[in-house]
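Understanding the architecture of this molecule
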Amino acid sequence: MERTVAADAAGTRLDAWLAGALPDLGRNRAKKLILDGRVTIGGRTIVEAKRPVKPGEIVAVDLPPPVAPEPQGEAIALNVVYEDDDLIVIDKPAGLVVHPAGGHETGTLVNALIAHCGASLSGIGGVARPGIVHRLDKDTTGLMVVAKNDRAHRALAAQFADHGRTNDLERGYKAIVWGAPDRPQGVIEAALGRSTRNREKIEVKRGGAGREAVTHWRLAERYGATAKPVASLIECELETGRTHQIRVHLASIGHPVIGDRAYGSGFATKAGLLPEPARTLAATFPRQALHAWLLGFEHPVSGEIMRFESPLPADMAELAEALGAL
């Protein structure tokens, strides 16, 4: 598919121009096509989304074949913690996206669940999110519960919507962060919303803007000198469930999660102050050091209180051990 740049478009970013020339794409999709090497100008592949276009240039787009509208089952290994006729609890690894979305149409947890559970997954979440009642970020590890029928989905969704205020839902996380709070515990109450500068990020909102977000935290362990710890292990419990809530809230009090490129990049140089092996582990940690270690809820059919715990994954355990030796 080819389009010619008009004179009045001179200087427009390539991704923005492409989204305008092909409205069905959208800017995010246009940017991904560019980064994937599917866009050429004058026969030369362009991988810079911000490159300005010039009048008369011929832009060609190699559109990939359409993806099936419904996700298909894929043989992806799952760490199943518990399973019965109504639900399944899994321990999600880092790097696994929960459900299909732009840029991640396959290889997701949903694809794995379809293969594992077959047609039994609840359909309330829609064709792209069967059984999904809550999510974890791609690079956050830990416990998730998925509904296997509509009755279970409705009951679990109600518990997650209440966030444990009036029911037995528990969601506990462990995060290894830069520095350490000067108190043993606390509550972060700061509304959150999409960043006005970068729509892919979340930020604290002031003056009544944003959505309510409440995180309870407890200092579990300090690493380094008592007077000035270099890092710490913090346990968090959610009173609300906003996108990136723990990551943004901890960064807002000056203790971003180690490895969090989105919200803690300004602290990356601190790794250089550490001795080996902690220096290399902290500097190269490939993801945010955040793990959903505790999940508790009322069984949607039997009424039994279910409670599951997951140990720190190997990468976080190795980091914690190295920091603990300081």
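See the structure above.
For the structure given in this document, a descriptive report is provided here. (Residues numbered from 1 in each chain as written. Predicted model: local features only at pLDDT ≥ 70, side-chain atom pairs only at ≥ 80, totals over all residues. Heavy atoms only, no water.)

Points about the overall build of the chain
Within the chain, the secondary structure is distributed over seven helices and 15 strands. Per-residue burial over the chain gives 45% buried out of 326 residues. Total accessible area on the chain stands at roughly 16,000 Å², and carbon and sulfur atoms take up 50% of it. Of note, the chain has its 39 positive side-chain charges centred 8 Å away from the centre of its 39 negative side-chain charges. (Helix = DSSP H or I, 4+ residues; strand = E, 2+ residues; numbered from the N terminus. Buried < 20%, exposed > 50% of the residue type's maximum accessible area, 1.4 Å probe, protein only. Areas by Shrake-Rupley, 256 points an atom, 1.4 Å probe, with all protein chains shown as cover. Lys, Arg positive; Asp, Glu negative; His and termini not counted. Charge placed at Lys NZ, Arg CZ, Asp CG, Glu CD.)

A look at the nonpolar core
Taken as a class, soluble globular proteins show a tendency for nonpolar side chains to be buried jointly. Membership of the largest hydrophobic core comes to 49 residues, with the highest contact counts inside it found for L113, Y173, I176, L250, I258, L319 and L323. Beyond its immediate stretch of four places on either side in the chain, I176 contacts Y223, S232, L233, V257, I258, A289, M316, L319, A320 and L323. (Core = buried A, V, L, I, M, F, W, Y, C linked by side-chain atoms within 4.5 Å. Contact = heavy atoms within 4.5 Å.)

So, the packing of aromatic side chains
Taken as a whole and judged by the stated rule, the model has two aromatic pairs. An angle of 40° between the planes, with centres 5.7 Å apart, marks the rings of Y82 and F308 as tilted. Placement of Y82 in strand β5 (residues 80–83) and of F308 in strand β15 (residues 305–309) is noted, with a sequence separation of 226 residues between them. For F308, a relative accessible area of 11% corresponds to the buried category. Members of the aromatic cluster, each reached through a chain of ring pairs, are Y82, F297 and F308. Between K174 and the ring centre of W293, over which it is positioned, the NZ or CZ distance is 4.6 Å. (Phe/Tyr/Trp six-rings, centres within 6.5 Å; stacked < 30°, edge-to-face > 60°. Lys NZ or Arg CZ within 6 Å of the ring centre and 35° of its normal.)

Some details on the pattern of salt bridges
Tallying each qualifying case throughout the model produces 14 salt bridges. The shortest N-O distance in the salt bridge between E83 and K148 comes to 2.9 Å. Highlighted residues: E83 in strand β5 and K148 in the loop between β7 (141–147) and α4 (150–162), separated in sequence by 65 residues. Between R307 and E170 there is a salt bridge, and its shortest N-O distance comes to 3.1 Å. Taken together, the residues R307 in strand β15 and E170 in strand β8 (residues 170–178) connect sequence positions 137 residues apart. When salt bridges with common partners are traced through the structure, they connect R13, D15 and R27 into a single cluster. (Salt bridge = Lys/Arg side-chain N within 4 Å of Asp/Glu carboxyl O.)

Brief notes about α4
Compared with the 18 Å implied by 1.5 Å per residue over 13 residues, the 18 Å span of α4 between its first and last C-alpha is a close match. All of the buried residues in α4 are A152, H153, L156, Q159, F160 and D162. Next to the buried residues of α4 lie β7, β8 and β14 (290–298). The backbone nitrogen of R151 has a side-chain oxygen 3.3 Å away, supplied by the residue at the start of α4, namely N149. Within two residues after α4, H163 carries a phi angle of roughly 55°, on the positive side. (Expected span 1.5 Å × (residues − 1). Polar contact = N/O pair within 3.5 Å; in protein donor to acceptor, adjacent residues only side chain to side chain.)

What about the side chain of Q245?
Here Q245 lies in helix α5 (residues 245–252). Overall, the relative accessible area of 2% leaves Q245 in the buried class. Beyond its immediate sequence surroundings of up to four residues, Q245 is in contact with L192, A213, V214, T215, L238 and T240.

Observations regarding the environment of K138
Along the chain, the position of K138 falls in the loop between α3 (109–117) and β7. Looking at K138, the relative accessible area reads 39%, which means it is partly exposed. Separated by 150 residues in the primary sequence, K138 and Q288 have C-alpha atoms spaced 9.9 Å apart.

So, the side chain of K148
Residue class for K148 comes out buried when judged on its relative accessible area of 10%. A distance of 3.0 Å separates a polar atom in the side chain of K148 from the backbone oxygen of D84. Once you skip the residues sitting within four places of it in the chain, K148 turns out to touch E83, D84, D85, D86, L87, I88, C117, S120, L121 and S122.

Brief notes about helix α1 (residues 14–21)
All of the buried residues along α1 are L14, D15, W17, L18 and A19. As for α1, its buried residues are in contact with β1 (2–4), α2 (27–35), β2 (39–41) and β4 (58–61).

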